[in-house]
Amino acid sequence: MYMPPKLSISLPLSNNFNVIITNNIIEKFNEIIKKIVDLNSNNILIEQSGKLYKGNVEIDNSVLKLNKGDEFANFTMSGANVAQGMSGSSIKKISINNNDYIQKEVPENSKQWGSFKRELIAMKLFQGSNNILVPEFIILKDNGTGVITKDDFDNISLVTKACKPCKQGESSCIDSDKKINWDGIDLSEKKNLLKFVDDIENGIKEMDEKQFYHKDIKPDNIVYCDNKFQIIDFGVSEIGKQ
């Protein structure tokens, strides 16, 4: 039986593939800087030479232009990274005017930038909420160019007030007596449990009123702050009708 010879064809990879990837990154970057421009200017800080300044931003030819204002605060790093985000972003503890904050950088992988954009949306919608803890500031680091481009996106970070999580480090929030103990608050006591339920229910209602859906409410995403239980972490949230 006649068998035709095998043909080996080598096709060069098209540059179109790299163009598609680059265009996708630019598109994601543009979406995020639009969300940043949409924030209240009171929530925008510009870091330069280890100092923080009030500021505002604008988009100029697909870059984020930084307009520095008056010096804002005493600003110090409180130490090395305190955690590593699931997306590869570092989480650091910082101090602003002697108040403790958690600083979270933009994820290294551009595929995770969507979660950062959702945090910005929540920041815009729920600033000042009693039961939803969103980032208080966005810090834009100016390395002397006065702009942030898609290539130095790691100069953007979100800053959230440092509050008490249920689980701290490797320790569990379930104490030796098998009780849930949240920063000294025993949730086996009826009044504390009712407060917990009431605070979280109010947070969910507030999100529901704005058609914002968290989609990942669990003990790890609840903190205790200013005598309130508050919902955090909006990386997988959705907005719109369900």
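Residues numbered from 1 in each chain as written. Predicted model: local features only at pLDDT ≥ 70, side-chain atom pairs only at ≥ 80, totals over all residues. Heavy atoms only, no water.

Tallied over the entire structure, the rule returns 1 disulfide. In this model, Cys163 is linked to Cys225 through a disulfide, with the two sulfur atoms separated by 2.0 Å. When the S-S torsion is -55°, as for the bridge of Cys163 with Cys225, the disulfide is left-handed. A residue pair is termed long-range when its members are at least 10 positions apart, and Cys163 in the loop between strand 9 (156-161) and strand 10 (164-165) and Cys225 in strand 14 (residues 222-225) qualify at 62 residues. The pair Cys163 / Cys225 is uniform in exposure class, with both members buried. (Disulfide = S-S within 2.5 Å. Helix = DSSP H or I, 4+ residues; strand = E, 2+ residues; numbered from the N terminus. Buried < 20%, exposed > 50% of the residue type's maximum accessible area, 1.4 Å probe, protein only.)

Time to look at the sheet that holds strand 15 (residues 228-231). Spatial strand order, 10-14-15: 3 strands in an open sheet with antiparallel pairing. The sheet is open, and its two edges are formed by strand 10 and strand 15, each paired on a single side. Direction of pairing for strand 14 relative to strand 15: antiparallel, over a ladder of 4 bridges. Residue pairing across strands places Tyr224 opposite Phe229, the latter belonging to strand 15. In the packing of helix 3 (residues 190-209) onto the sheet, the strands contacted are strand 14 and strand 15, and the crossing angle to strand 15 comes to about 40°. (Pairing = 2+ DSSP bridges. Contact = heavy atoms within 4.5 Å. Axes fitted to C-alpha atoms, helices over the stretch in contact; angles between N-to-C directions.)

This next bit is on the pattern of salt bridges. For the coordinates displayed, the defined rule picks out 10 salt bridges. The salt bridge involving Lys92 is made with Glu105; its shortest N-O contact spans 3.3 Å. Residue Lys92 is found in strand 5 (residues 90-96), and its partner Glu105 is found in strand 6 (residues 99-105); the two are separated by 13 residues along the sequence. It is possible to trace a salt-bridge network through shared partners that takes in Lys195, Asp199 and Lys228. (Salt bridge = Lys/Arg side-chain N within 4 Å of Asp/Glu carboxyl O.)

This brings us to helix 2 (residues 113-126). Because an α-helix completes one turn every 3.6 residues, residues spaced three or four positions apart along the sequence face the same direction. In a regular helix each residue adds 1.5 Å, so 14 residues correspond to 20 Å; helix 2 covers 20 Å between its end C-alpha atoms and thus fits that length. Listed as buried for helix 2 are Trp113, Ser115, Phe116, Glu119, Leu120, Ile121, Ala122, Met123 and Phe126. Gly128 occupies a position one or two residues after helix 2 and carries a positive phi of about 90°. (Expected span 1.5 Å × (residues − 1).)

What follows is about the confidence of the model for the chain. In regions of low pLDDT, the predicted coordinates are not meant to be interpreted in detail. Residues of the chain with pLDDT of at least 70 account for 81%, and the chain-wide mean is 82. Confidence scores differ between elements of the chain, with strand 4 (residues 75-84) showing the lowest mean pLDDT of 60 and strand 13 (residues 212-213) the highest of 96. (pLDDT = per-residue confidence, 0-100.)

Taken as a whole and judged by the stated rule, the model has 8 aromatic pairs. Judged by centre distance (5.1 Å) and plane angle (80°), the ring pair of Phe29 and Phe153 falls under edge-to-face. Of this pair, Phe29 sits in helix 1 (residues 16-37) while Phe153 sits in the loop between strand 8 (147-148) and strand 9, placing them 124 residues apart in sequence. Just as Phe29 is buried, Phe153 falls in that class too. Ring-pair connections join several aromatic residues into one group, and the members of that group are Phe29, Trp113 and Phe153. Above the face of the Tyr53 ring, Lys68 is positioned so that its terminal group lies 4.4 Å from the ring centre. (Phe/Tyr/Trp six-rings, centres within 6.5 Å; stacked < 30°, edge-to-face > 60°. Lys NZ or Arg CZ within 6 Å of the ring centre and 35° of its normal.)

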